[in-house]
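# A closer look at the structure
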Amino acid sequence: MRPRTASRWLLGGLLTLALAAPWLVPAYRTQISFLWVMIIFALTWDTLGGQMGYNSFGNVVFFGVGMYACAVVQRDAGLEYFPALFLGMAVAAALAVALAAVLGSGLLGLRGQYFAIATLGLGFAAGEFASGWDFIGAGSGMVTPLYPGEVGGRESFFYYLLLALTVTTFLVLRRLYSGRFGLAINAIRDDEDKAEAMGLHTTRYKTTAWCVSATFLGLTGAAVGNLIGFIDPRDVAFAGPTFGVWMVLMAILGGKGTLWGPVLGAAVFHVTQELFWTYLLGWQRVALGLLILAIVLFFPVGILGWARERWPERFGHTVDERPEPAEGGS
Amino acid sequence: MTAILEVERVRKTFGGVVANDDITLAVPAGKIVGLIGPNGSGKTTLFHSIVGYHLIDAGSVRFDGREISGLRVPRIARRGLLRTFQQTRIYGKMTCLENMLISAPQRERSWLSILRRPPAADEAKAEDLLEFVGLYAKRRLRAGDLSFGQQKLLEFGMALMNEPRMLLLDEPTAGINPTLIKALMHRLRRVNEELAITLFVIEHNMSVIMNLAEYIYCLAHGELLAEGRPEEIRADQRVIDAYLGAH
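Note that this is a predicted model, so its numbers are computed, not measured. (Residues numbered from 1 in each chain as written. Chains lettered and ligands numbered in written order. Predicted model: local features only at pLDDT ≥ 70, side-chain atom pairs only at ≥ 80, totals over all residues. Heavy atoms only, no water.)

### A closer look at the sheet that holds strand 4 (residues 58–63) of chain B
Residues and elements named next belong to chain B. Stated formally: Two strands make a pair as long as DSSP finds a minimum of two bridges between them. Secondary structure follows DSSP: runs of H or I at least 4 residues long count as helices, runs of E at least 2 residues long count as strands, and numbering of each begins at the N terminus. The contact rule is simple, with two residues in contact once any of their heavy atoms fall within 4.5 Å. For helices, the fitted line uses only the C-alpha atoms of the stretch in contact; every axis is such a line through C-alpha atoms, and the angle between N-to-C directions lies from 0 to 180 degrees.
A sheet is described by the order of its strands in space; here 4 strands give the open sequence 2-1-4-5, paired in antiparallel fashion. Each having just a single partner strand, strand 2 (17–28) and strand 5 (66–67) make up the two edges of the open sheet. Helix 1 (residues 43–51) rests against strand 1 (3–14), strand 2 and strand 4 of the sheet, and its axis sits at about 115° to strand 1.

### Some points on the pattern of salt bridges
All names here are of chain A. Filter applied, for reference: Within this document, salt bridges are pairs made up of a side-chain nitrogen of Lys or Arg and a carboxyl oxygen of Asp or Glu, the two lying within 4 Å of each other. A simple rule labels every residue: compare its accessible area, found with a 1.4 Å probe on the protein chains alone, to the largest value its type can have, and call it buried under 20%, exposed over 50%, or partly exposed in between.
Applying the stated criterion to the full structure yields 22 salt bridges over all chains. Among the salt bridges present, the one from D193 reaches R111, with a minimum N-O distance of 3.3 Å. In this pair, D193 is assigned in helix 8 (residues 192–197) and R111 in the loop between helix 4 (81–107) and helix 5 (112–130), connecting sequence segments 82 residues apart. Given the relative accessible area of 34%, R111 is considered partly exposed. Here E196 ties to R111 by a salt bridge, and the two come within 4.0 Å at their closest N and O atoms.

### Quick word on helix 3 (residues 60–76) of chain A
Residues and elements named next belong to chain A. Heads up, the rule is: The span you would expect from a helix comes to 1.5 Å times its residue count less one.
When the terminal C-alpha atoms of helix 3 are compared, their 24 Å separation across 17 residues agrees well with the 24 Å that a helix rising 1.5 Å per residue should span. Burial runs high along helix 3: 15 of the 17 residues are buried. Following helix 3 by one or two positions, G78 has its phi on the positive side, about 70°.

### Overview of the side chain of S103 of chain B
Among the secondary structure elements, S103 of chain B is positioned in the loop between helix 3 (96–101) and helix 4 (120–132). For S103 of chain B, a relative accessible area of 0% corresponds to the buried category. Sequence-distant contacts of S103 of chain B, that is, excluding residues within four places in its chain, are made with M198 of chain A together with M158, M161 and N162 of chain B.

Okay, structure coming up:
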């Protein structure tokens, strides 16, 4: 099939470019690393927000929990740098998933705006909680261990780690969306009462979806804590007003409910935002606000969503003109 | 003839409004049974009571000999008792084919099976059924882009995909043009005869229900007003009065 081949070429080309980037533009390693983080943010937000129709403003909690979990393991496990890091990442993912399962069983029973508001409270609560807990440094935050390799090695290492995480997230979600799981969460988005009336295990699907998101957010949090080197409870780990809102915007900008939409949205958003910082310093937040307005006003269904409505046949929504197979139904 | 669905002395109130009162009826396995009554007589409420959409205040509902009142909607659906909606409900942003695929039965699925791709057999079956309801050519269109009548046909196809043992149809012909109604009736009969699915049908179109059903229950003001064969119902003065507003 041709679209499939095209998508492989696109994926291959982007991947080659991504692998070569640290040599091509070494000065931009950290900025591009954050592009990978943004793509993961948008993709994992879209699992619930786009594919399942549950707008979560609390996904940043899993990111923050992963970040702290990893840092605590690195601090207290008494291991070498790399074993501690990987053990920390495993613990981060496990804790994030456990949290998603517990929160999901309570919150995913809420529908529509009630779920959105409840998750919004979650992000604030987590930030407040972390700034009051001495075990994780309270308001003064935590410092992650020094990277043992040569100078600049840290940037390259975390660049590739985050790239690997992004690719894994993308491929895992693509696989999930193409199966029963994808159909089920789409059905929940379109009409949850109908899905229940058809016997779907809606609760099971919803909780699983949030756990999948949480896994990748937890792992990403663990890596980002080490990339930045310093964990602030409100501005880095549980950064609701920045990361928490951006993940929603990026998914909407690219086109929620599609696989490539969040990737595209994250890229456009991140690049625009970096340009604002470079060329509009002092006004960058105003420009960002205007960008957000423009997204909501002009791209309510996102770039890919707009394209799908413009050219439905390119997305496979065609009427089959061939005569129906013999032995008619009516 | 054994009854597949037995409703016994069911009562359902909403605040002071008695929507169903002391309703007893039985649907024999393999038959087509009708449920009629003026607007607001409690037909849809009774369907809701049967499929577990709300808890009933009193009485019992047995499906296949087992008590189902108190079970939740998805569990009752997985036992093979399925309903369609009066306001047609399909998954609007998904294609017709996807609508069909996700309607495949969910009975013995383990947690891990949700990660699998739909089996090829499901896809073939979905296409066959889409052809049966006359939507094969539109299978790759988004369901939300279909006309109301077509969505109704799709919903019917989805119900069949689920391999139910019994279907509760809430006004299957409402909003469908007369030509399509004929085709739909033909399909309902075929489903009943060939797939052995018991049908319990709410219908306002008298010529449809009189032709289709072998036995009819009539509700009025939340109570069972009359029951009998179509010709008996048609001749029943109480039914005529209820429909003309004398009741």
